[in-house]
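Geometric and topological summary
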Amino acid sequence: MYFHSWSEFLAMGGYAEYVWSAFGITFFSMWILWGVSVRRSRRLLKDVKENVERQARIDAAKKMENTL
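Residues numbered from 1 in each chain as written. Predicted model: local features only at pLDDT ≥ 70, side-chain atom pairs only at ≥ 80, totals over all residues. Heavy atoms only, no water.

- As recorded in an unreviewed UniProt entry, the protein goes by the name Heme exporter protein D, listed as coming from Vibrio cincinnatiensis DSM 19608.
- UniProt, in the comment section headed Function (unreviewed entry), describes the protein in these words: "Required for the export of heme to the periplasm for the biogenesis of c-type cytochromes."
- As stated in UniProt under Sequence similarities (unreviewed entry), the record for the protein gives "Belongs to the CcmD/CycX/HelD family." (UniProt positions renumbered as here; feature names shortened; annotations may be inferred.)

Below, the structure is given as C-alpha cells:
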C-alpha cells in the first residue's frame with residue numbers, strides 16, 4: 001500500500017483512529033515494560049551488592065573468631 005500525500009498516510013485509508021491508537025498503545029506498553037525492567041535490574045544489582053558486602057562482613061567476623 002502506498003500513499004500520495006502525508007495526509008493520506010495519516011488518515012490510513014479511513015482507519016487512522018484504529019491504526020494510530022494501536023501504535024500508541026503498543027509503544028506506551030513497551031515504554032512501561034522498559035521502565036519496569038530497568039528499575040528491577042537496578043534493584044537486583046543493588047541487592048547483589050548488599051549480599052556480597054554482607055557475606056564479606058560475615059567472613060571477616062569468622063576470621064576474627066578463629067584468631068581468638
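**Quick word on the pattern of salt bridges**
- Tallied over the full model, the rule gives 1 salt bridge.
- The partner of D47 in a salt bridge is R43, with the nearest N and O atoms 3.2 Å apart. With D47 and R43 both in helix α2 (residues 16–67) and 4 residues apart, this pair spans about one turn of that helix.
- Here D47 falls in the partly exposed class, since its relative accessible area comes to 27%.
- For R43, a relative accessible area of 43% puts it in the partly exposed group. (Salt bridge = Lys/Arg side-chain N within 4 Å of Asp/Glu carboxyl O. Helix = DSSP H or I, 4+ residues; strand = E, 2+ residues; numbered from the N terminus. Buried < 20%, exposed > 50% of the residue type's maximum accessible area, 1.4 Å probe, protein only.)

**Topic: the packing of aromatic side chains**
- Counting across every chain of the model gives 6 aromatic pairs.
- Between W6 and F9, the aromatic rings sit 5.5 Å apart at their centres with planes inclined by 90 degrees, giving edge-to-face as the arrangement. A residue pair is termed a helical-turn pair when its members lie 3 or 4 positions apart in one helix, as W6 and F9 do in helix α1 (residues 6–11) at 3 residues.
- According to the relative accessible area criterion, F9 is partly exposed, its value standing at 28%.
- Plain terms: the ring middles of F28 and W31 are 6.1 Å apart, the flat faces sit at 35 degrees to each other, and that makes the pair tilted. In this pair, F28 and W31 are both assigned in helix α2, 3 residues apart and thus about one turn of the helix distant. Like F28, the residue W31 is exposed in the burial classification.
- Pairwise contacts between aromatic rings join F3, W6, F9, W20, F23 and F27 into one cluster. (Phe/Tyr/Trp six-rings, centres within 6.5 Å; stacked < 30°, edge-to-face > 60°.)

**A short note on the UniProt feature "transmembrane region" (unreviewed entry) in the protein**
- UniProt's entry tags residues 18–36 with the feature "transmembrane region" (unreviewed entry), counted in the numbering of this structure.
- Counting secondary structure, residues 18–36 comes out at 100% helix and 0% strand; the distance between its end C-alpha atoms is 27 Å.

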